[in-house]
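A structural walkthrough
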Amino acid sequence: MSDYTFPYDAARKQLLTENLGQVRQRIRAACERVGRDPDEVVIVAVSKRKPLSDIEYLRESGQLEFGENYVQELCGKEEEISAPVHWHMIGHLQTNKVKYIVDRTVLIHSVDSLKLAKQIEKEAAKKNITAQILLQVNIAEEDTKFGLHDKKQLFDLITEISKLSHVKVRGLMTSAPFVANSEENRCYFRKLHKLFVDIQAKNVNNIDMNILSMGMTNDYEVAVEEGATMVRVGTAIFGARDYN
Ligand SMILES: *Cc1c(COP(=O)(O)O)cnc(C)c1O
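Our subject in this report is the structure included herewith. Everything numeric here is computed off the predicted structure, so don't read it as measured data.

Interaxial distance between helix 1 (residues 10-34) and helix 2 (residues 52-60) falls to 9 Å at its minimum, and their mutual angle equals 60 degrees. Relative to helix 2, the element helix 1 lies oblique. Handedness of the helix 1/helix 2 crossing: right-handed. Residue-level contacts link Arg 12, Lys 13, Leu 16, Thr 17 and Leu 20 of helix 1 to Asp 54, Tyr 57, Leu 58 and Glu 60 of helix 2.

This is how it looks when you write it as structure tokens:
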């Protein structure tokens, strides 16, 4: 491609492509262990705090799904990228920022209140689109994390959102605790999967329950074994993030 405005770094591109290939291979192995079809699992490459060039390299290798946590960063990258990709908003979203991302993202993973859902409805209606969302569940009930805490809260929210015409619930999302041994998170993934199946069984009008977004670098294989259909992987693909 000739339209790059950054120096082309073949070694970096190769590294990213290999890393992604390894993640894909591990997902395939995890699926094999539990008799799942690997095509059911979508990898969202979490590119927060990583340069646009990294995203461009991966896109050339066929990766289209990218996750960002910060509205400003997502918008900046969306404006500058040379060819479109599918942006996922995975970070906490403030109501006053909804307008910036509602028509730039394929999926908002982090909806955890009716107030936020209603704001998404309002902005999506203005743009005449239907926003696709996941409901974020704080499955380990950690005080420090966003997300819905209990089943009743979740079911009530689903009922309310099902009445909104420009918002479509597509599934559930969670961020499990940071643990040394990923096996410690298996119980949480299992619990969320069970909730996911329970909601599917209810057949609520205007609600689809087919995306289960769980698993990050440290625990995505366990998440896949427990039924994740979408994993959000940053570090294993891009390397450690620089927070300075
Ligand atoms: C940063 C982040 C990820 C990716 O984390 P890694 O450990 O780097 O894979 C996934 N999901 C959310 C919500 C994140 O904030």
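Let us look at the pattern of salt bridges. Applying the stated criterion across every chain, the model contains 21 salt bridges. A salt bridge links Arg 36 to Glu 40; its shortest N-O distance comes to 3.0 Å. Judged by relative accessible area, Arg 36 falls into the buried class, the value being 16%. Since its relative accessible area comes to 41%, Glu 40 is described here as partly exposed. In this structure, the salt-bridge partner of Glu 78 is Arg 104, at a minimum N-O distance of 2.9 Å. Of the two residues, Glu 78 sits in helix 3 (residues 71-80) while Arg 104 sits in the loop between helix 4 (98-101) and strand 4 (107-111), which places them 26 residues apart along the sequence. Classification of Glu 78 as partly exposed rests on a relative accessible area of 28%. Here Arg 104 falls in the partly exposed class, since its relative accessible area comes to 23%.

So, on to the pairing of strand 7 (residues 207-213). Burial runs high along strand 7: 5 of the 7 residues are buried. Pairing of strand 6 (residues 167-173) with strand 7, which is carried by 4 bridges, proceeds in the parallel orientation. From the neighbouring strand, Val 169 faces strand 7, where its bridge partner is Ile 207. With respect to chirality, the unit in which strand 6 leads through helix 7 (residues 186-202) into the neighbouring parallel strand 7 is right-handed.

About the cut-offs
Residues numbered from 1 in each chain as written. Predicted model: local features only at pLDDT ≥ 70, side-chain atom pairs only at ≥ 80, totals over all residues. Heavy atoms only, no water. Axes fitted to C-alpha atoms, helices over the stretch in contact; angles between N-to-C directions. Helix = DSSP H or I, 4+ residues; strand = E, 2+ residues; numbered from the N terminus. Parallel < 35°, antiparallel > 145°, perpendicular 65-115°, else oblique. Left-handed = near helix turned anticlockwise from the far one by under 90°. Contact = heavy atoms within 4.5 Å. Salt bridge = Lys/Arg side-chain N within 4 Å of Asp/Glu carboxyl O. Buried < 20%, exposed > 50% of the residue type's maximum accessible area, 1.4 Å probe, protein only. Pairing = 2+ DSSP bridges. Right-handed = clockwise from strand over helix to strand, strands pointing away.

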